[in-house]
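Residues per chain, in single letters:
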Amino acid sequence: MSTPDQPVPDQPTAEERFERAVAGLRELPPTGAVTFRGITSPTGTQPGVVVPRGITATSRDLVVATAGMTSPGIAVVVMHTGRDVAPVSAVPEAQEVALLPGTVLYTGRFLQVAGHTVELVEQLMPTDEQQWASQLTNDAVAQLMRAVATTITNAQGRTPPVDPAYCARFAVPIA
């Protein structure tokens, strides 16, 4: 609290807070993971590359990412350089893994899994020729979707271990 003879410290702008958050995330070690989001690209989206300008929140827990399977969709995110924020999170039960701005994602691949339309979102990685490439083979995708089918089945009827309002962060469009 300031008094009349003490100046009020300048509050950081939204842009400065964002830059500080990204700088903090960069300090965390990169991790590969399969995570989830509670939203997909719009119906009819053709497969293509998206490069988010913001931080993309995902969760290792499908129930959290979909607010107990009530969100608008299911996306499976295969990442190579995510940042596991659970150890520093105020809500570690959310099992959040964030993607930094500028991460190159391949979106728009929709598959039918356990009675649900699921979007596969994959982080593309640079090749030696500085091209962006998928790391997933058809066999790897098939194996992953079998595991996702089991995860979806196990998620049915479960309540998120966190406040459902917190889960909303996993159901905003990638931007």
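Our subject is the structure that appears above.
Residues numbered from 1 in each chain as written. Predicted model: local features only at pLDDT ≥ 70, side-chain atom pairs only at ≥ 80, totals over all residues. Heavy atoms only, no water.

Undergrad: Please set out the overall build of the protein chain residue by residue, giving values where relevant.
TA: The number of helices and strands found in the protein chain is four helices and nine strands. A principal-axis box enclosing the C-alpha atoms of the protein chain has dimensions of 70 × 45 × 30 Å. For the protein chain, the proportion of contacts with a sequence separation of at least 24, taken over those separated by at least 6, is 76%. With an accessible surface of roughly 9800 Å², the protein chain has 54% of that area assigned to carbon and sulfur atoms. (Helix = DSSP H or I, 4+ residues; strand = E, 2+ residues; numbered from the N terminus. Contact = heavy atoms within 4.5 Å. Areas by Shrake-Rupley, 256 points an atom, 1.4 Å probe, with all protein chains shown as cover.)

Undergrad: Describe the packing of aromatic side chains, and please don't skip the residues or the numbers.
TA: As enumerated under the stated definition, the model contains one aromatic pair in all. Relative to Phe170, the ring of Tyr166 has its centre 6.3 Å away and its plane inclined at 70°; by these criteria the two rings are edge-to-face. With relative accessibility at 0%, the residue Phe170 sits in the buried group. (Phe/Tyr/Trp six-rings, centres within 6.5 Å; stacked < 30°, edge-to-face > 60°. Buried < 20%, exposed > 50% of the residue type's maximum accessible area, 1.4 Å probe, protein only.)

Undergrad: Got a sec to walk through the pattern of salt bridges? Specific residues and values, please.
TA: Inspection of every chain in the model, using the stated rule, returns three salt bridges. Glu96 is the salt-bridge partner of Arg169, the closest N and O atoms lying 3.1 Å from each other. With Arg169 in the segment after α4 (164-167) and Glu96 in strand β5 (residues 96-99), the pair connects residues that are 73 residues apart, well separated along the chain. With a relative accessible area of 6%, Glu96 lands in the buried category. For Arg109, the salt bridge identified is with Glu122, shortest N-O distance 2.7 Å. You can see Arg109 sitting in strand β6 (residues 105-113) and its partner Glu122 sitting in strand β7 (residues 116-123), a full 13 residues away along the chain. Classification of Glu122 as buried rests on a relative accessible area of 0%. (Salt bridge = Lys/Arg side-chain N within 4 Å of Asp/Glu carboxyl O.)

Undergrad: Provide a residue-level description of helix α3 (residues 138-155), including the pertinent values.
TA: For α3, with 18 residues, the first-to-last C-alpha span of 25 Å sits near the 26 Å given by 1.5 Å per residue. Three or more residues of α3 are buried, namely Val141, Leu144, Met145, Val148, Ile152 and Ala155. Summarising the axial view, the buried residues of α3 lie within an arc of 105°, below the 170-degree limit, and thus occupy one face. Away from its buried face, by an angle of more than 90 degrees, α3 presents the exposed residues Asp139, Gln143, Arg146, Thr153 and Asn154. (Expected span 1.5 Å × (residues − 1). Arc of directions from axis to C-beta.)

Undergrad: I'd like a description of the nonpolar core, backed by residues and values.
TA: Counting residues in each nonpolar core, the largest one holds 24 residues, and the members touching the most others are Leu62, Val76, Leu120, Leu144, Met145, Val148 and Ile152. Put simply, the parts of the chain that give this core at least two residues each are α2 (62-65), β4 (74-84), β7 and α3. Ranked by residue count, the leading element in this core is α3, at six residues. The contact partners of Val76, leaving out residues within four places of it in the chain, are Val34, Thr35, Phe36, Val118, Glu119, Leu120, Val121, Leu144 and Val148. Grouped together as the second largest cluster of nonpolar side chains are eight residues, Ala33, Val77, Val97 and Leu105 included. (Core = buried A, V, L, I, M, F, W, Y, C linked by side-chain atoms within 4.5 Å.)

Undergrad: Could you give me a rundown of the side chain of Ser59, with the residues and numbers involved?
TA: As for its position among the elements, Ser59 is in strand β3 (residues 56-59). Owing to a relative accessible area of 0%, Ser59 belongs among the buried residues under this scheme. Beyond its immediate stretch of four places on either side in the chain, Ser59 contacts Thr35, Phe36, Val64, Ala65, Ala94, Gln95, Glu96 and Phe170.

Undergrad: Which residues make up unusual backbone geometry, and what values do they have?
TA: In this structure, Met69 is a non-glycine residue whose phi angle is positive, near 65°. Summarising the element assignment, Met69 is placed in the loop between α2 and β4. Unlike most non-glycine residues, Ala114 shows phi in positive territory, near 50°. Of note, Ala114 is situated in the loop between β6 and β7. What makes Ala114 partly exposed here is its relative accessible area of 41%.

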